[in-house]
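Per-entry structural report
Spelled out from the first residue to the last, the chains are:
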Amino acid sequence: MLKKVFVAPDPGRLRLRSATRAVLGIALAVGLCGTAGHSMVAAITGGLAALLALFTVTDATVRGQAVTTALLPVVGFPVLALAALLHDHPLPRDLAFLAIVGAGVYARRWGPRGHSLGVFAFMAFFVTQFLGTVPAQLPELYAAVLLSLLASSAVRFGLWCYERRFAPPAAVPTPFDGGRGLGRATTRQAVQATAAAGFALVVGQVLSHERWYWAVGAAWWIFVNTTSRGETLVRGFRRVLGTVIGIGVGLLVAVPLHGEPLASAALIGLCVFGIFYTAAVSYTWMMLAVTVMASLLYGLLGVLDSGLLALRLVETGVGLAGAALAVLFVLPVTTHATTDAWIARALRCVHGCTTAAARRLAGDPDADPAPLAAELEVLLGRARLSLAPLVHPLSPLRARKARARRVLALLDDCAREVRGLTSVAADPEASHDARLAAACWRVEIALQALVTPAPGAERAEQPEESQESQQPEESQQSGQAVPAAPAAPAAPAAPAVLHHHPVTEAALHHLHGLERVLVDLAVPLRSSPRASAAFQNLP
C-alpha cells in the first residue's frame with residue numbers, strides 16, 4: 001500500500017502541485033480568518049470551505065473552475081442558514097438533511113459542476129452539526145467562508161495556476177445516464193444514498209444523540225465517485241480501513257497533543273497535503289489523513305478523547321452498513337452493467353482514434369487523434385475503476401476475477417498501442433501507404449467481430465442469456481441513441497507499390513498490435529455470463 005502511494009506515476013507532478021497548492025490556499029484562508037478576528041469555529045468553517053473548493057471543483061477549464069467556485073456560496077449559504085435554524089428541531093432537521101443528501105447526489109447528472117455544488121451543499125449542512133452552529137453565528141460564518149474562498153481562489157487562479165501551462169485535460173466522463181426517471185443512473189443513486197443516509201441517521205442517533213452525523217457523512221461519502229454496487233462496496237471497505245488506521249494514528253498523535261495550537265496546525269497542514277496527494281491513488285490513505293485531521297480539529301475544540309475516536313469508528317461502520325444495504329436492495333446498479341458500458345465507450349473511442357490517425361497519415365491536416373487518445377485514457381481509467389471490485393483480494397468469484405484481470409491487461413495493451421499510433425501520426429514525416437488503410441480496415445473488422453456476432457448458426461450456438469444480451473439499446477452516454485454497427489467496409493484493394501517509410505512501418509506495427517488486442521479481448525468479454533447489450537451499438 002505504501003508503494004502504491006509513493007511510487008505511483010505522477011505525470012507532470014500534478015498530484016504534488018495540487019497538494020502543495022492546497023496547503024498554501026487553506027493556510028492563507030485560515031490565517032486571514034484569524035487576522036480578521038474570527039472565532040475558532042468560523043476559522044474551521046472557512047478552512048473547510050477552502051478545502052472543498054480546491055478539492056471538489058474539477059471543471060475541465062480554468063474559467064469553468066472559477067465559475068463553479070463563485071457559485072459555491074450561492075448554494076452553501078442557504079443550506080447553512082437552514083441547518084442553523086433547524087438545529088433545535090430534530091425531526092425537520094433530519095428530513096431536511098435527507099433531502100439535501102438526495103438532491104446533492106442527483107445534481108451529479110449535470111457533470112463536474114453539479115457534483116461540486118452537491119458536495120458543498122451537503123458539507124454545509126454537515127459542518128453545522130459538527131460545530132453546533134446556531135443562527136447567531138451565521139454572519140460570522142458567512143464572512144469567514146467568503147474570505148476563505150477568496151483566499152483559496154487567489155492561490156488557485158492567481159499565485160499558482162499551473163493548469164494554464166498545460167494542455168486542457170480530457171473531460172471527465174459522466175456516468176452513463178440514459179433513460180428517464182428511475183431509469184436514470186443518477187436518480188437511482190440519489191434514492192440509494194437517501195435510503196442509506198436514513199438508515200445511518202436512525203441507527204446513528206441510537207448510538208449517540210451528539211455525533212450521529214458521522215454515520216450520515218460516512219454513508220454520503222461512500223457514494224461519491226461510484227456508479228455501481230461493486231464500486232460502492234469496495235469504497236466502503238476502504239473507508240472503514242482508512243478510518244481504523246487513522247484512529248490508531250490519532251490515538252498516538254492527536255490525543256497526546258491536547259489541542260496544542262501550533263503543533264496541531266502543522267499536523268493539519270500535513271493531513272491536508274496527504275488528502276490531496278493520495279486521493280487519486282488510494283482512498284484508504286486519503287481516509288487515514290481525513291480521520292487524523294478530524295481528530296486534530298476535535299483536539300483544537302477541546303473535546304477529543306479515546307472514547308470519541310471509538311465512537312467515530314462505530315458510526316463509520318453504521319454508514320457502511322447503510323450504504324451496503326442500499327446498493328444491494330434499493331434499485332441496484334450491477335457491476336457488470338456498469339463495466340460493460342465503460343468498456344463500450346472506450347472501444348468506441350478506440351474506433352475514433354484509429355480513424356483519425358489513418359486520416360492524418362493519409363495527409364489530412366485537420367485529423368487529430370490526440371484529443372480522442374486523451375479521452376480514451378480517462379475512459380479506460382473509469383473502466384479500471386468499475387472492474388476493481390471484481391479483482392479485489394476479498395472477491396470470492398475466482399472465475400470472474402481471472403476474467404476481469406485479463407480484460408484489464410488487454411485494455412492496458414490497447415491504450416499502449418493507441419498512444420503509439422497517436423505519436424506516430426503526429427510525426428511530420430508521416431506518409432501515406434495503402435497498407436495503412438488495409439490495417440485500419442482490419443481493426444474495424446476486429447471491433448465489429450467483438451460486438452456483432454454473425455447471424456444464424458453462430459447465434460444459435462450462444463447460450464440463451466448471451467442471446468438475450470444481443471438486443472440493441474440506447475447509448476448510455478448523454479441519453480442519445482447510437483446507430484447500430486454498420487456493415488463491414490469493403491476491403492481496400494491491394495497496394496501496387498509498398499512504401500517502407502519508417503513512420504509508416506511504426507504505424508503498421510501499432511495497428512497490427514491493436515488488431516491482436518481486440519481479437520484477444522473478444523474471448524473474456526464473450527465468456528461473460530452477463531454480457532451487456534451495450535456492446536451492440538458500437539460504430
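What counts and how
Residues numbered from 1 in each chain as written. Predicted model: local features only at pLDDT ≥ 70, side-chain atom pairs only at ≥ 80, totals over all residues. Heavy atoms only, no water. Helix = DSSP H or I, 4+ residues; strand = E, 2+ residues; numbered from the N terminus. Buried < 20%, exposed > 50% of the residue type's maximum accessible area, 1.4 Å probe, protein only. 1 Å grid on protein atoms, 1.4 Å probe; cavity = no way out; pocket = protein on both sides within 12 Å on 5 of 7 lines; lining within 4 Å. Points joined across faces, edges and corners; volume = space filled by probe spheres on them. Nonpolar A, V, L, I, M, F, W, Y, C, P; charged D, E, K, R; others polar. Polar contact = N/O pair within 3.5 Å; in protein donor to acceptor, adjacent residues only side chain to side chain. Contact = heavy atoms within 4.5 Å. Salt bridge = Lys/Arg side-chain N within 4 Å of Asp/Glu carboxyl O. Phe/Tyr/Trp six-rings, centres within 6.5 Å; stacked < 30°, edge-to-face > 60°. Axes fitted to C-alpha atoms, helices over the stretch in contact; angles between N-to-C directions. Parallel < 35°, antiparallel > 145°, perpendicular 65-115°, else oblique. Left-handed = near helix turned anticlockwise from the far one by under 90°. pLDDT = per-residue confidence, 0-100. Expected span 1.5 Å × (residues − 1). Arc of directions from axis to C-beta. Disulfide = S-S within 2.5 Å. Core = buried A, V, L, I, M, F, W, Y, C linked by side-chain atoms within 4.5 Å.

1. Overview of unusual backbone geometry
- In this model, Asn-225 sits at a positive phi of 65 degrees, which is unusual for a non-glycine residue.
- With respect to the helices, strands and loops of the structure, Asn-225 is situated in the loop between α9 (213-222) and α10 (229-257).
- Positive phi outside glycine occurs at Leu-331, with the angle close to 45 degrees.
- In this fold, Leu-331 is placed in the loop between α13 (306-329) and α14 (335-361).
- Of the residues examined, Leu-331 reaches a relative accessible area of 24% and is grouped as partly exposed.

2. Points about empty space enclosed by the protein
- This structure, assessed with the given rule, holds 5 cavities of 30 Å³ or more.
- Elements with a minimum of two residues in the lining of the second largest cavity: α3 (40-56), α4 (62-85) and α6 (111-131).
- By residue class, the composition of the lining of the second largest cavity is 10 nonpolar, 2 polar and no charged.

3. Quick look at the side chain of Thr-339
- Examined against the element boundaries, Thr-339 turns out to sit in helix α14.
- With a relative accessible area of 5%, Thr-339 lands in the buried category.
- Here Ser-386 takes part through its backbone oxygen, which lies 3.4 Å from a polar atom of the side chain of Thr-339.
- Leave out the neighbours within four places in its chain, and Thr-339 touches Ser-386 and Leu-387.

4. A few points about the pattern of salt bridges
- This model, assessed by the stated rule, comprises 9 salt bridges.
- A salt bridge links Arg-21 to Glu-163; its shortest N-O distance comes to 2.9 Å. Taken together, the residues Arg-21 in helix α2 (residues 14-35) and Glu-163 in the loop between α7 (138-159) and α8 (185-207) connect sequence positions 142 residues apart.
- Given a relative accessible area of 4%, Arg-21 falls into the buried group.
- Here Arg-382 makes a salt bridge to Glu-231, at a shortest N to O gap of 3.6 Å.

5. Some points on the packing of aromatic side chains
- Taken as a whole, this structure holds 14 aromatic pairs when the rule is applied.
- On the numbers, 6.1 Å between centres and 25 degrees between planes, the contact of Phe-122 with Phe-126 is stacked. Of this pair, Phe-122 and Phe-126 are both found in helix α6, 4 residues apart, which corresponds to roughly one turn of the helix.
- Since its relative accessible area comes to 0%, Phe-122 is described here as buried.
- Summarising the aromatic geometry, the rings of Phe-273 and Tyr-277 are spaced 5.6 Å apart at their centres and angled 15 degrees between planes, so their arrangement reads as stacked. Highlighted residues: Phe-273 and Tyr-277, both in helix α11 (residues 261-278), separated by 4 residues, approximately one helical turn.
- Assessed through its relative accessible area of 25%, Phe-273 is described here as partly exposed.
- Taken together, the aromatic side chains of Phe-97, Phe-122, Phe-125, Phe-126, Phe-130, Trp-212, Tyr-213, Trp-214, Trp-220 and Tyr-298 make up a single cluster linked through ring pairs.

6. A look at the packing of α3 against α11
- Contact geometry of α3 with α11 gives a least axis separation of 11 Å together with a crossing angle of 20 degrees. Between α3 and α11, the interaxial angle falls into the category roughly parallel. You can see that α3 and α11 cross each other, and the crossing is right-handed. Contacts between α3 and α11 involve Leu-51, Leu-54 and Phe-55 on the former and, on the latter, Val-272, Ile-275 and Phe-276.
- Class assignment of the residues belonging to the contact of α3 with α11 gives a composition of 6 nonpolar, no polar and no charged.

7. Remarks on the confidence of the model for the protein chain
- In this model, the protein chain carries a mean pLDDT of 83, and residues with pLDDT of at least 70 account for 83%.
- Predicted confidence for residues 531-539 stays below pLDDT 50, and this span has 43 contacts to residues more than four positions away or in other chains.

8. Considering α2
- Here α2 contains 22 residues, and its C-alpha end-to-end distance of 31 Å stays within 8% of the 32 Å for a straight helix at 1.5 Å per residue.
- Every buried residue of α2 is listed here: Arg-15, Ser-18, Ala-19, Arg-21, Ala-22, Gly-25, Ile-26, Ala-29 and Cys-33. Down the axis of α2, the buried set is contained in an arc of 165 degrees. They therefore lie on one face.
- Trailing α2 by a residue or two, Gly-37 shows a phi angle of about 85 degrees, which is positive.

9. Some words on the state of the cysteines
- Applying the stated rule across the entire model yields 0 disulfides.
- A disulfide-free cysteine, Cys-353 has its sulfur positioned 4.5 Å from the sulfur of Cys-349, the nearest such atom.
- The thiol sulfur of Cys-414 is not disulfide-bonded, and the nearest other cysteine sulfur, from Cys-353, lies at 8.7 Å.
- Of the residues examined, Cys-414 reaches a relative accessible area of 2% and is grouped as buried.

10. Observations regarding the layout of surface pockets
- There is about 1,000 Å³ of room inside the second largest pocket.
- Mapped onto the lining of the second largest pocket, the elements with two or more residues apiece are α2, α3, α6, α9, α11, α12 (283-301) and α13.
- Of all the elements, α3 adds the most residues to the lining of the second largest pocket, at 9 residues.

11. A few points about the nonpolar core
- Formed by 90 residues in total, the largest nonpolar core has its most connected members in Phe-122 and Val-216.
- Ranked by residues supplied to this core, first place goes to α6 with 12 residues.
- When residues no more than four places from it in sequence are discounted, the contact partners of Val-216 are Phe-97, Val-101, Phe-122, Ala-197, Ala-200 and Leu-201.
- Membership of the second largest hydrophobic core comes to 44 residues, among which are Ala-357, Val-391, Val-424 and Val-517.

12. Quick look at α14
- Here α14 contains 27 residues, and its C-alpha end-to-end distance of 39 Å stays within 8% of the 39 Å for a straight helix at 1.5 Å per residue.
- The buried fraction of α14 is high, at 22 of 27 residues.
- Just downstream of α14, Gly-363 is the residue with a positive phi angle, here 105 degrees.

13. Things to note about the packing of α14 against helix α15 (residues 370-391)
- Interaxial distance between α14 and α15 falls to 9 Å at its minimum, and their mutual angle equals 160 degrees. By the angle between their axes, α14 is roughly antiparallel relative to α15. Relative to α15, α14 is oriented so that their crossing is left-handed. Counted together, Thr-335, Thr-338, Thr-339, Trp-342, Ile-343, Arg-345, Ala-346, Cys-349, Val-350, Gly-352 and Cys-353 of α14 and Leu-372, Ala-373, Glu-375, Leu-376, Leu-379, Leu-380, Arg-382, Ala-383, Ser-386, Leu-387 and Leu-390 of α15 form the full contact between these two elements.
- Across the contact of α14 with α15, the residue classes break down as 14 nonpolar, 5 polar and 3 charged.

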